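Structure at a glance
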Amino acid sequence: MGYTKLVVHVLRKKYGRKLEVVGLLKASINAELLKDSIEALSTLVDEGKFNFAEDGITFKAVDPANVAMVTFSLKSDAFSSYECDSEELGMDLTKLSDILGMAQANDTVGLELDEDAQRMVITFSGLTYAVSLLDVSTLRKEPSTPKLDLPAAVVMSGGDFRRAIRAAEKISDHIALGVDKNVLYMEAEGDTDRVKFELTKDQLISLKGSGVRSLYSLDYLGDMSKPISRVPEVTINLGKDYPVQISFSIADGSGSAEYLLAPRIESD
Amino acid sequence: MGYTKLVVHVLRKKYGRKLEVVGLLKASINAELLKDSIEALSTLVDEGKFNFAEDGITFKAVDPANVAMVTFSLKSDAFSSYECDSEELGMDLTKLSDILGMAQANDTVGLELDEDAQRMVITFSGLTYAVSLLDVSTLRKEPSTPKLDLPAAVVMSGGDFRRAIRAAEKISDHIALGVDKNVLYMEAEGDTDRVKFELTKDQLISLKGSGVRSLYSLDYLGDMSKPISRVPEVTINLGKDYPVQISFSIADGSGSAEYLLAPRIESD
Amino acid sequence: MGYTKLVVHVLRKKYGRKLEVVGLLKASINAELLKDSIEALSTLVDEGKFNFAEDGITFKAVDPANVAMVTFSLKSDAFSSYECDSEELGMDLTKLSDILGMAQANDTVGLELDEDAQRMVITFSGLTYAVSLLDVSTLRKEPSTPKLDLPAAVVMSGGDFRRAIRAAEKISDHIALGVDKNVLYMEAEGDTDRVKFELTKDQLISLKGSGVRSLYSLDYLGDMSKPISRVPEVTINLGKDYPVQISFSIADGSGSAEYLLAPRIESD
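Chains are numbered independently. Their residues run from 1 in the order of the written sequence. Chain letters and ligand numbers both follow the written order, the letters beginning at A and the numbers at 1. The predicted nature of this model means local features are confined to residues of pLDDT at least 70 and side-chain atom pairs, given and counted, to a pLDDT of 80 or more, with totals for whole chains, interfaces and linings taken over all residues. Where side-chain values are given, they derive from all heavy atoms of the structure, hydrogens and water being excluded.

Observations concerning helix α2 (residues 93–100) of chain B
Residue and element names in this part refer to chain B. For every residue, the accessible area obtained with a 1.4 Å probe (protein chains only) is divided by the maximum for its type, and the residue is called buried under 20%, exposed over 50%, and partly exposed between those limits. Elements are defined by DSSP. Helices are runs of H or I of four residues or more, strands are runs of E of two residues or more, and each kind is numbered from the N terminus. Three or more residues of α2 are buried, namely Leu93, Leu96, Ile99 and Leu100. Buried residues along α2 cover an arc of 125° about the axis, so they all sit on one side. The definition of a polar contact used here is a pair of N or O atoms within 3.5 Å, where within protein one atom must be able to donate a hydrogen and the other to accept one, and adjacent residues in sequence count solely through side-chain atom pairs. At the N-terminal end of α2, a side-chain oxygen is found 3.1 Å from the backbone nitrogen of Thr94, two or three residues along, and the residue is Asp92. Note that the arc is computed from the directions linking the helix axis to the C-beta atoms.

Structure representation (structure tokens):
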């Protein structure tokens, strides 16, 4: 074999379409914090619109089946540096996760808007990614947050929450969450088997309310429980056959994530 | 999105069939010991009948292809607490393994018969599983143990046994076990390749007998070698073109497991 | 169940075909070094011809698509012991890798030619594998090494090389390697996204040349980067739209491996 006989592959360059974004964004942030933030969103949606404002970022989206909603915010002081005009930027969350998988936990990630090329430029430890933005007009509209009056509130460790969800997944595809007489219970029923997980008030960080119970899909709670498993405290607000609100703070309180999940109705 | 527009899933509760079990069982046991015990059985069969008696548990079953048999016993003193009338309880071993995968090694697992619901109630660290029993009359009949006179006996480490089996799996689907002149050998032959593993008497814990050799399926020995890999001592009783008996004790001698595996016949 | 009712499987022994190999080979070598050597080859080809000579081993092969070539040598002093007449031995690299997976890193592996059976006998820690040789006449002819004049040379850590390749794999199936003004760059372009990795001269072990750039397939570089990730130094020789030569030494300089990879042509 001489190299002249080596097979030659022809490569076609492809160009992304141009979008109309005008503005300034230049920020840097701890890699692990950014990874965790993106994961909290990507468990529910593959893509969405980030609102970059002077005081930080917000994100709100409903999953494709309209069963769950995520609301997320990260204040500018969670960033190492943050400089921003007002911007709405559509991003592919799956791609972002994949790229951030290359970063070490303690890397600093730079984010900068490349206005000409309509890309987000992401830099860390020698790597520079230029990721095309999504056309905001093609993304689903941001949902409005429903006003809920949930009578019970429980604060527990994220690890305990994840464990109860995993235990239920062994035998069912749905789980009931309820509070009764100073006890939080999570119970699931399969075709022939049942599982119950209980935490009394003194095993919880706090408990308020009683006599509530709703049924939820384990598909959704299973996905949500992954980012939740890493947080020390998660707050669960419950009602009777009502949506559950699951919230936790990130970045030492500079940010927050909240899930809202519609109930299934129990039929007897 | 308002929550009132959230999709509502309707869920049908399903009820298990009722069985006729009457009796008492209330016991607790170390989680790792119970996991290891179940794994020793589930390598061969998916379900079977446990005999709970006053002095402990026994289990005996033949695999669906009638090639291998497992005999298992665990005395009451292997349990942290044990209270039992005589009971025959059919259980799904795959489901038990899956559920016990939620337990930490040093958890204590409670077992209690729920007579009304015909379920086994399994508890550990806040979780309560109620697992339906199998109808004993639908399970295969317990085999009777054949009376074997096996002239050779070798005691070796479970780790060495596993290693020899894995080495043979690289090139074949069967293996010959034999003892000759104070050497235990395991050899396998593929279409074009061969492997031999030998341990002399001083590399073994003990060796007795000579001039025996039989051929076995690696499918079965591969499965059996997984629980065996964790025991310090396994006893192998061999004959000439005869079943092999592989036994080991568990729970510091309060229990034992024994496999019997039929030989393949070598044709020349 | 009595053992007499156990199902009996009949086994047919199969014999390998006889080859005409005459000669002597008796050597021993550290297991990890042998594993790493085989992996450097098996990333490109599944089988090939080893040339065993008095002063050591050489191997040269082109991949099935004629895009890449590997040249490998290991001098006799990389072995713990080495005794050899001249031999050409065809070997199945996938099988060798699989078998060596059973060895511990610090095992000593014995290699000996079994002339009667036309097999390579491989021994380590109690195991003896006899692996049939491949008929050398049925293997692809050894390629001749092309004479290349590559103006740029960069020496970098194998870990950095692997990292750049993985970063590019996230968004493309090809990558450009280039040197410009004392900077090594690796850049990839997907349908809409781009990534660039740069190392300046002082971040490299050494850098020579400038103004070169060629495009390569990430399929190949991805495979090659796995064994490369473990070496402290890899040398990359580059030209303009020319093959790349990637070389590293093994066994403290007693051996070497070199990949040659044809470029893709960039079209604008």
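Next comes the rest of the description.
Brief notes about a negative patch on the surface
Residues and elements named next belong to chain A. Candidates for patches are residues over 30% relative accessible area with no salt bridge; among them, like charges are joined within 9 Å and nonpolar side chains (Val, Leu, Ile, Met, Phe, Trp, Tyr) within 5 Å. Areas reported here follow the Shrake-Rupley algorithm with a probe of radius 1.4 Å; residue values treat only the protein chains shown as occluding. Salt bridges are defined as contacts in which a side-chain nitrogen from Lys or Arg sits within 4 Å of a carboxyl oxygen from Asp or Glu. His is not counted here, nor are the chain ends, while Lys and Arg score as positive and Asp and Glu score as negative. In this description, the location of a charge corresponds to atom NZ of lysine, CZ of arginine, CG of aspartate or CD of glutamate. A cluster of acidic side chains, namely Glu54, Asp55, Glu83, Asp85, Glu115 and Asp116, defines a negative patch on the protein surface. Summarising the element assignment, Glu83 is placed in strand β6 (residues 81–84). Look at Glu83 and you get partly exposed, because its relative accessible area is 44%.

A few points about the nonpolar core
Nonpolar cores were defined as sets of buried Ala, Val, Leu, Ile, Met, Phe, Trp, Tyr and Cys residues, with membership established by side-chain atoms within 4.5 Å. The biggest cluster of nonpolar side chains holds 246 residues, and the ones touching the most others in it are Tyr129 of chain A, Tyr129 of chain B together with Tyr129 of chain C. If we skip the residues at most four places from it in the chain, Tyr129 of chain A touches Ile99, Met102, Met120, Val121, Ile122 and Phe124 of chain A together with Ala167, Ala168, Lys170, Ile171, Arg194 and Val195 of chain C. Note on definitions: a residue-residue contact is assigned when non-hydrogen atoms from the two residues lie within 4.5 Å.

A look at the packing of helix α3 (residues 158–169) of chain A against helix α4 (residues 218–228) of chain A
All names here are of chain A. Note on geometry: axes are C-alpha line fits, over the in-contact stretch for helices, and angles between N-to-C directions span 0 to 180 degrees. Taken N-terminus to C-terminus, the directions of α3 and α4 make an angle of 150°; their axes are 9 Å apart at the nearest point. Compared by their axis directions, α3 and α4 come out roughly antiparallel. Every pair of crossing elements has a handedness; the one defined by α3 and α4 is left-handed. Across from Gly158, Phe161, Arg162, Ile165, Ala168 and Glu169 in α3, the residues of α4 making contact are Leu218, Leu221, Gly222, Ser225, Lys226 and Ile228. In terms of residue class, the contact of α3 with α4 is built from six nonpolar, three polar and three charged. Note on terminology: angles under 35 degrees are roughly parallel, angles over 145 are roughly antiparallel, angles of 65 to 115 are roughly perpendicular, and the others are oblique. Each crossing gets its handedness from the near helix: less than a right angle anticlockwise from the far helix is left-handed, clockwise is right-handed. Amino acids outside the nonpolar list (Ala, Val, Leu, Ile, Met, Phe, Trp, Tyr, Cys, Pro) and the charged list (Asp, Glu, Lys, Arg) are all regarded as polar, and Gly is one of them.

Re the side chain of Ser172 of chain B
Residues and elements named next belong to chain B. Looking at the element boundaries, Ser172 is found in the loop between α3 (158–169) and β12 (174–180). At 3.3 Å, the side chain of Ser172 and the backbone nitrogen of His174 are in polar contact. Those residues in contact with Ser172 that lie beyond four places of it in its chain are Ala188, Glu189, Gly190 and Leu218.

Here we look at the pattern of salt bridges
Under the definition given, this model contains 30 salt bridges over all chains. A salt bridge links Asp36 of chain A to Arg230 of chain A, with the nearest nitrogen and oxygen atoms 3.3 Å apart. Of this pair, Asp36 of chain A sits in helix α1 (residues 31–42) while Arg230 of chain A sits in the loop between α4 and β17 (234–238), and the two are 194 residues apart along the sequence. A salt bridge links Lys49 of chain C to Glu142 of chain C, with the nearest nitrogen and oxygen atoms 3.7 Å apart. Taken together, the residues span a long stretch of sequence, with Lys49 of chain C in strand β3 (residues 47–53) and Glu142 of chain C in the loop between β10 (127–132) and β11 (152–156) at a distance of 93 residues. Lys49 of chain C sits in the buried class, given a relative accessible area of 17%. When its relative accessible area of 31% is taken as the criterion, Glu142 of chain C is described as partly exposed. Connected through salt bridges with shared partners, the residues Glu187, Lys196, Glu198 and Arg213 of chain A form a single ionic network.

Quick word on the domain arrangement of chain A
Residue and element names in this part refer to chain A. Each assigned domain of chain A is listed here: domain 1 (25–136) and domain 2 (152–261). The start and end points of each domain follow an automatic or database-based domain assignment. Look at where the C-alpha atoms of domain 1 and domain 2 centre, and you get two points 27 Å apart. Listed as interface residues are 20 residues of domain 1 and, on the opposing side, 17 residues of domain 2. The tally of links from domain 1 across to domain 2 stands at two salt bridges. Our count for the domain 1 to domain 2 interface comes out at ten residue pairs in polar contact (both at pLDDT 80 or more). Secondary-structure elements contributing two or more residues to the side of domain 1 that touches domain 2 are α1 and β5 (68–75).

With respect to α3 of chain B
Note on helix geometry: an α-helix contains 3.6 residues per turn, so any two residues three or four positions apart are oriented the same way. Helix span is expected to be 1.5 Å times the residue number reduced by one. In this model, α3 of chain B (twelve residues) spans 17 Å end to end at C-alpha, consistent with the 16 Å of a helix rising 1.5 Å per residue. Buried residues of α3 of chain B: Gly158, Phe161, Arg163, Ala164, Ile165, Ala167 and Ala168 of chain B, and no others.

Quick look at the environment of Ala78 of chain A
Residues and elements named next belong to chain A. Within the element layout of this structure, Ala78 appears in the loop between β5 and β6. In this structure, the C-alpha to C-alpha distance between Ala78 and Phe59, residues 19 residues apart in sequence, is 15 Å. Discounting residues that sit within four places of it in the chain, Ala78 has contacts with Ile29, Leu33, Ala251 and Ser254.

Remarks on the pairing of strand β3 (residues 47–53) of chain B
Look at any regular strand and the pattern is simple: side chains alternate between the two faces of the sheet. Residue and element names in this part refer to chain B. When you tally the buried positions in β3, you get five out of seven residues, the bulk of the element. If DSSP finds at least two bridges between two strands, the strands pair. Relative to strand β7 (residues 87–92), β3 runs antiparallel, the two being bridged by six bridges. Its bridge partner being in β7, Asn51 is matched across the sheet by Glu88. Note: β3 against strand β4 (residues 56–62), four bridges, orientation antiparallel.

Comments concerning the side chain of Ser225 of chain A
All names here are of chain A. Within the fold, Ser225 resides in helix α4. Note on Ser225: relative accessible area 0%, which makes it buried. Among the polar contacts made by the side chain of Ser225, one reaches the side chain of Arg162 at a distance of 3.1 Å.

Overview of the environment of Glu54 of chain A
All names here are of chain A. Among the structural elements, Glu54 can be located in the loop between β3 (47–53) and β4 (56–62). Accessibility expressed as a relative area gives 70% for Glu54, which makes it exposed. Placed 32 residues apart in sequence, Glu54 and Ser86 show a C-alpha to C-alpha distance of 6.5 Å. Contact partners of Glu54, with chain neighbours within four places excluded, come to Ser76, Tyr82 and Cys84.

Things to note about the pairing of strand β12 (residues 174–180) of chain C
All names here are of chain C. Across the seven residues of β12, six count as buried, placing the element largely inside the fold. In this structure, β12 lies alongside strand β16 (residues 212–217), joined through six bridges in antiparallel fashion. What sits directly across from Ala176, in β16, is Leu215. When β12 meets strand β13 (residues 183–189), the two strands line up antiparallel, connected through five bridges. The partner of Gly178 across the bridge, within β13, is Tyr185. Joining the antiparallel neighbours β12 and β13 is a turn of two residues, in which Lys181 adopts a positive phi near 45°.

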